[in-house]
There are 4 protein chains.
Amino acid sequence: MPFGLKEKCGVFGIWGHAEAANLTYLGLYALQHRGQEGAGIVSSDGRKFHLHRGMGLVADVFGEAELRHTLPGHIALGHVRYSTTGESSDANLQPLLADYRGKISVALGHNGNLVNTDILKRELVEKGVVFYTTLDTEIIMNLLTISLEPNFPDALAEALLKVRGAYTLLILAEHKLIGVRDPYGFRPLCLGMKDGAYVLSSESCALDLIEADFVRDIEPGEMVVIDEHGVSSYKPFPKKHKALCIFEYIYFARPDSCIDGYSVMLARKALGRRLAGEHPVEADIVVPVPDSGKCAALGYAEEANIPFEEGLIRNHYIGRTFIEPRQSIRNFGVKIKLNAVRQIIAGKRVIVVDDSIVRGTTSRKIVGMIRRAGAKEVHMRVSSPPSKYPCFYGIDTPVRWELIAAKHSVKQISRFLGADSVGYLTLKGAKDAVSGKKD
Amino acid sequence: MPFGLKEKCGVFGIWGHAEAANLTYLGLYALQHRGQEGAGIVSSDGRKFHLHRGMGLVADVFGEAELRHTLPGHIALGHVRYSTTGESSDANLQPLLADYRGKISVALGHNGNLVNTDILKRELVEKGVVFYTTLDTEIIMNLLTISLEPNFPDALAEALLKVRGAYTLLILAEHKLIGVRDPYGFRPLCLGMKDGAYVLSSESCALDLIEADFVRDIEPGEMVVIDEHGVSSYKPFPKKHKALCIFEYIYFARPDSCIDGYSVMLARKALGRRLAGEHPVEADIVVPVPDSGKCAALGYAEEANIPFEEGLIRNHYIGRTFIEPRQSIRNFGVKIKLNAVRQIIAGKRVIVVDDSIVRGTTSRKIVGMIRRAGAKEVHMRVSSPPSKYPCFYGIDTPVRWELIAAKHSVKQISRFLGADSVGYLTLKGAKDAVSGKKD
Amino acid sequence: MPFGLKEKCGVFGIWGHAEAANLTYLGLYALQHRGQEGAGIVSSDGRKFHLHRGMGLVADVFGEAELRHTLPGHIALGHVRYSTTGESSDANLQPLLADYRGKISVALGHNGNLVNTDILKRELVEKGVVFYTTLDTEIIMNLLTISLEPNFPDALAEALLKVRGAYTLLILAEHKLIGVRDPYGFRPLCLGMKDGAYVLSSESCALDLIEADFVRDIEPGEMVVIDEHGVSSYKPFPKKHKALCIFEYIYFARPDSCIDGYSVMLARKALGRRLAGEHPVEADIVVPVPDSGKCAALGYAEEANIPFEEGLIRNHYIGRTFIEPRQSIRNFGVKIKLNAVRQIIAGKRVIVVDDSIVRGTTSRKIVGMIRRAGAKEVHMRVSSPPSKYPCFYGIDTPVRWELIAAKHSVKQISRFLGADSVGYLTLKGAKDAVSGKKD
Amino acid sequence: MPFGLKEKCGVFGIWGHAEAANLTYLGLYALQHRGQEGAGIVSSDGRKFHLHRGMGLVADVFGEAELRHTLPGHIALGHVRYSTTGESSDANLQPLLADYRGKISVALGHNGNLVNTDILKRELVEKGVVFYTTLDTEIIMNLLTISLEPNFPDALAEALLKVRGAYTLLILAEHKLIGVRDPYGFRPLCLGMKDGAYVLSSESCALDLIEADFVRDIEPGEMVVIDEHGVSSYKPFPKKHKALCIFEYIYFARPDSCIDGYSVMLARKALGRRLAGEHPVEADIVVPVPDSGKCAALGYAEEANIPFEEGLIRNHYIGRTFIEPRQSIRNFGVKIKLNAVRQIIAGKRVIVVDDSIVRGTTSRKIVGMIRRAGAKEVHMRVSSPPSKYPCFYGIDTPVRWELIAAKHSVKQISRFLGADSVGYLTLKGAKDAVSGKKD
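Predicted, not measured: the structure shown is a model, and the values here were computed from it. (Residues numbered from 1 in each chain as written. Chains lettered and ligands numbered in written order. Predicted model: local features only at pLDDT ≥ 70, side-chain atom pairs only at ≥ 80, totals over all residues. Heavy atoms only, no water.)

Caption draft 1: Spatial organisation of the overall build of chain A. Along its length, chain A carries 16 helices and 23 strands. Looking at chain A as a whole, 64% of its 439 residues qualify as buried. Partitioning the contacts of chain A with sequence separation of at least 6, the portion at a separation of at least 24 is 68%. Accessible area for chain A stands at about 15300 Å²; split by element, carbon and sulfur atoms hold 50% of it. (Helix = DSSP H or I, 4+ residues; strand = E, 2+ residues; numbered from the N terminus. Buried < 20%, exposed > 50% of the residue type's maximum accessible area, 1.4 Å probe, protein only. Contact = heavy atoms within 4.5 Å. Areas by Shrake-Rupley, 256 points an atom, 1.4 Å probe, with all protein chains shown as cover.)

Caption draft 2: Structural context of the relation of the copies chain B and chain C. Superposition record for chain B on chain C: RMSD 0.1 Å, screw rotation 179 degrees, translation along axis 0.0 Å. On the angle and the small slide along the axis, the relation comes out as a two-fold axis. Within chain B, Val129(B) has its C-alpha nearest the rotation axis, a separation of 3.3 Å. Both copies present the same face, since 100% of the interface residues in chain B are matched by interface residues at the equivalent positions in chain C. (Least-squares fit on C-alpha atoms with pLDDT ≥ 70 in both.)

Caption draft 3: Quick look at the sheet that holds strand β10 (residues 197–201) of chain A. All names here are of chain A. Taking strand neighbours across the sheet as the criterion, the 7 strands line up as β3-β2-β4-β1-β10-β9-β11 in an open arrangement whose pairing is antiparallel. Here the strands that pair on one side only, and so sit at the sheet edges, are β3 (49–55) and β11 (213–217). The sheet shows a mean angle of 15 degrees between the axes of neighbouring strands, taken without regard to direction. Pairing geometry for strand β2 (residues 38–44) and β3, over 7 bridges, is antiparallel. Across the sheet, the residue bridging to Gly 40 is Arg 53, located in β3. (Pairing = 2+ DSSP bridges. Axes fitted to C-alpha atoms, helices over the stretch in contact; angles between N-to-C directions.)

Caption draft 4: How the structure looks around the interface of chain B and chain C. With 25 residues of chain B at the contact, the number on the chain C side is 25 residues. Summed over both partners, the interface of chain B with chain C comes to about 1900 Å²; 51% of that surface belongs to carbon and sulfur atoms. On the chain B side of the contact with chain C, Asp90(B), Val130(B) and Tyr132(B) bury the most area, a combined 31% of that side's loss. In this assembly, chain B and chain C are joined by 0 salt bridges. In this structure, the connection of chain B to chain C is made through 4 residue pairs in polar contact (both at pLDDT 80 or more). With 5 residues, the single largest contributor to the side of chain B that touches chain C is helix α6 (residues 136–146) of chain B. When its residues are assigned to classes, the side of chain B that touches chain C shows 12 nonpolar, 5 polar and 8 charged. (Buried area = accessible area lost by both parts, 1.4 Å probe. Salt bridge = Lys/Arg side-chain N within 4 Å of Asp/Glu carboxyl O. Polar contact = N/O pair within 3.5 Å; in protein donor to acceptor, adjacent residues only side chain to side chain. Nonpolar A, V, L, I, M, F, W, Y, C, P; charged D, E, K, R; others polar.)

In short, geometric facts, not functional conclusions.
This is the structure in structure tokens:
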């Protein structure tokens, strides 16, 4: 499983609200784009923990019974998990609930990816540790338990000093809600306030939904402890250069979120403008792949001064259980979701913009669809870099489109897609764009 | 129930394809926007009819069992029904299946609204007719049966000569698939071809999905009979002036459909441009209400030469069973679906464009959301006429936003919404725009 | 479809109770054995009718929403429908709701089978009547409508004078709940009282469940009209000899019901005793097929003075969606439901008692199962007559086991089942037993 | 949670069959009476483990997808879990899947109850062990891991030497299926063979369903290891006197199972006969509470020479989602499931037999129901001992009916139930009965 995919989870927690579980439900709902495979909430009144987890969308995992009766208490912590092929099992759902030193319960929700799990796991196994899941979270739980620090937050800091990699953690323990962002700040986490209660969320869009005020981003390397005394901030880790994952801006986050002070939508428009600068082409219209390419396409169109047109329409009534028709008419694939608008496209030179190409099969169908709608030319533009590359802050990142870009040249890709040209944003262009730098 | 709502159903039929029911399922899927309350398909091998109907979305009504086993045959006819409050009952699902003169089965699917049902019903009741539903379709079925014409299509024509109003009908009978569009052509119907089989569909977007070729629109007052001899066309009704319902272009149809030769998306952009001409205002950005105001907003932005921005983001992971939180945090309403992008909106004079205002409560929340995101001014622009009016072709039309616009002045509406200004497109403007006329 | 199967529906109605729909739900629940394919309830406050119907078991068709909100009013009428192969469609669900002479709503629930439907249908079709279902109920509704009697109960009586066959009808109309039992009294119907409200039910076991008092059986040919004046009784039909269907006692009804003054369980025990008299055999134990053969087996064991043993155990945790295993281990069939108790059966001469044999395949598996458990001899005894025969009161009855008994001799059946002997009760024996006559 | 309840789980495993998961599904299905709260299956091809678990009945947890695709391999291990109030969480589902020493996967399914968990847990916690569930299984897993024995079966034996209490364990590890029964043999386990593959099952009724041959019972203190070399048997524990839990015979097991050479049904009949000897009473009929009291009632009736009658009828169409009616007609409770047959009971002196009384509320309703049906006298007879007692083999057993019998005298219970008399079987009587001893 590529690193990128594993990353994409969401966490949300709240301390001190009578409707803690309900608000967490709403928060997870707003973070649903960060993970659709499963969801879970742990709630607590400070003494007893209550857990409900399940496979599927937030709105399907939590019914009236769970929200009304199963999850009481004024503290809650929730998690949404990304759908990954392969290791799909209920055993891997979060939050992870465990006993801490046989006495208190601890709930953990994790968004991130540790890079030294093999060695940590080996050491722990030698100590006789049993592993029940493939979650990094379980490693952290065990490190936490074997720490010699008597105080919980100190033990947590000690445990986290041993791990390397990306993590944003929410922990419920000892009547405290704790949030930690790794020293690089790879994954986002922000603090909000709702009716006097503190909220921690992967993205600010979840604060908007529950009408919480945005207070600030949690800093890289910061640990915040929320309890009846309010928010305390700690910086237990050696300082590193900040390194928010660029893919948060490119495609992970929701465009209405604002991460580390920069609007995701503005970042995407900047990526699109930069893309126009790097890969200009004479054309009549710029068409986004809805909804993934929308923001970048707007930026591209502005920069290139070419009309922006909604030449692809997305069908939103897909429902959960679409039955593919039989053999003879199978393989509708992307047609179920998208349709080209002939009268917009016919006779035009079309620039189609998306945020990425994964296997290329979907993009190929989209290009074909645009051609069949009568386009004279189809130019594919992608608002992210094309290939596997070492993450610019030192963490190795097999990105999600390696499948095609890692093994093929842009020319080969163009031919596979049936496009007249393909242009990927350069890594430098992407970095500059999200840093707000102009060429 | 206002006229407009009742109108919004969808029909799809196919004759002569081994996968008739499967393709009809896909066709209904593409027509889902025309009705989400229920769906049904009748299939036939020319001798026996098979029926499956149910409440809910197409993808939920039809499972693997129904598509694989329950609906055999090379002819099929499907219907999607709009969700209306009040008369929601399984008894009102279509297609309606009945015996014709005790011998042959007839299946009818109807999109439309008859205006002389009271008098027709009274006459039929006097003859001893029993009614089981509140469907206009049932009246047509009875008129058909009491016709003296021995030939089925002739009887159908005779029956339809007695009804007044809007109808697009698909009928399966005597091994024939028949499509009829009322003399005014109020509702759309088009003909396509897939692998040698003929297809009838409310909108062309359904032809695109199944990769059928668009052949032509069925003309107002035209009856087409499809059987083993191909398509025969009849014009059994006195000629009327064409009067496709303007609301098909304004908001009923999908933007990727083309109705009576005019692209719905181009029509909507033209409505937006006209709206910019009628209600100009100095502003910094044009923001659509997604997805309903998207096309008109693009047209408005082009005409007004003001930047188009995606300042409202729609959450697509709503799922089917969203549980509203308890009392104290209830009433999230539109916030569940939409969020404003502060960094796009803050400090800006915003023109927000939608296709209609119904009760005003949703629009009010949207205006408030934009204001809270920091807009300096909010100007609401609506790409349809404001009030109840006699349909310009003589059919009385209580339109769907009568609820607010019928009883209040634009000024009052503006105050209710909390907007700096509100501008509705004029009826003349709407008519000109969809006729392609420039001012 | 054999006559017998079509018969097996259940009706329940109540007039004047604040919890009318809820009690009807419970009533249908107790009548579930009379029909598992679908269920429906119509409720009324005397002015507006509310309908909910669906395919499946009562507990699945009606959820909290339906019982709490969808079905208000103090009058209710419910129906459970038997699962028949072939004509399984939502269009055939009952109660049937229709307009009576264009003015008032009528709801009908029917348990029975008309024998002159063909001629009645032909006459109605000539009058221009349209049929939407294959239900006899629809014919009755049309006869009712064309009656010249101005008063509803009179019109109903006139309509019913035209039909021949078996029917137990419940009708809701004009703020009245009407119950009718055909002149022969083929199907059961009884009257009860609960908290001052009158109840009509196919069987008395439904009265027990809602803790209603049993008042009396409705007489053959009796029509009772329940409204604010209480119960009025009419006898609009020419008197016939009473002819309750013998199969109600043999296997339709629940053993805890009492029909026309005779306990179903006592009747079944009498059938078993008679069977022992007609087909004695030397054996060690009498084993019922659970639960269908239980009562008759008790009677047989008593009469024959042979120990009664529970040698077959039924698994009650079947659930709704049992997935048959793959090819290689398929065909578990009856084993999923039943298992033989080796220690009871081994080395014994076993008399196994059931209420009927339909196709013989299930009985064959049971005989085999008993043999594999070590039985020395297996003697099959059946507490109903073997073959297709004209019903003893003149109504032609193709009974449900015609499939094997109609075409094969008892000897052939015995060989097919692998039994040492097979004994069917004679028709005379069955008649005597349910009349309480001793030989 | 009382000990007794926790006990009631079921395990099933198979080694070397192409349909391993499917057969395990069927096996669990036959063991469903041992646990209805949840179910799980682990399958393996010897290298990779596949897991599916869920809350609910076996037939609902496993759908076509799971059985056809999710669980490949020729080895499988399944578990059904009893529904207990309180600790109902998906985290407690079994089989438990874990890593053994960081290398190999281990799956455990457990039926039993350890008595020294507190001390074991404390020791493990001091070693830094983290606990994620409240399952005894998790303790065993950790003991297994810290064992110094290099060989897996040896490590397992070492681990189990530390635990005290009742356990029947199935383990999948290192391409082996291992079954262990604790030294007392408190819970049952038997060995079968199907198509050359070995099967382990809590009860023999599961072997019957899959048409496997019964080979033998696993002995108390025996560990069997099944792999490609067949079955190896070990006796790693000090010998104890055999102590199969008497409640397996009284009510846990299915009557068609045979445990340690004694038929459960025969044992129950013996309990009933003994009960008749201990608590005789002059009466007209013996009526079982279906289905729990059936076998004992037959034994009672035989011994007392009083007619056995089915005076209570059970409704089997309960379905999954029964909605209790509103306030005014609530509390149907046992009436939903049972009804008394008036014509059997009226005027009679009735002995009603059940296998236990838990809270007494259900028994009270049953006694009331029989009285309302006209019984002259009602005598309750219970085929198990009345009170909390130290298990006769030294394991403390708070039995499931402590709730009423622990705090009240038989006289008080009789008054509470409204019975004319109540008689519980003595502990000695129960022991003698299941040992096959006559007084």
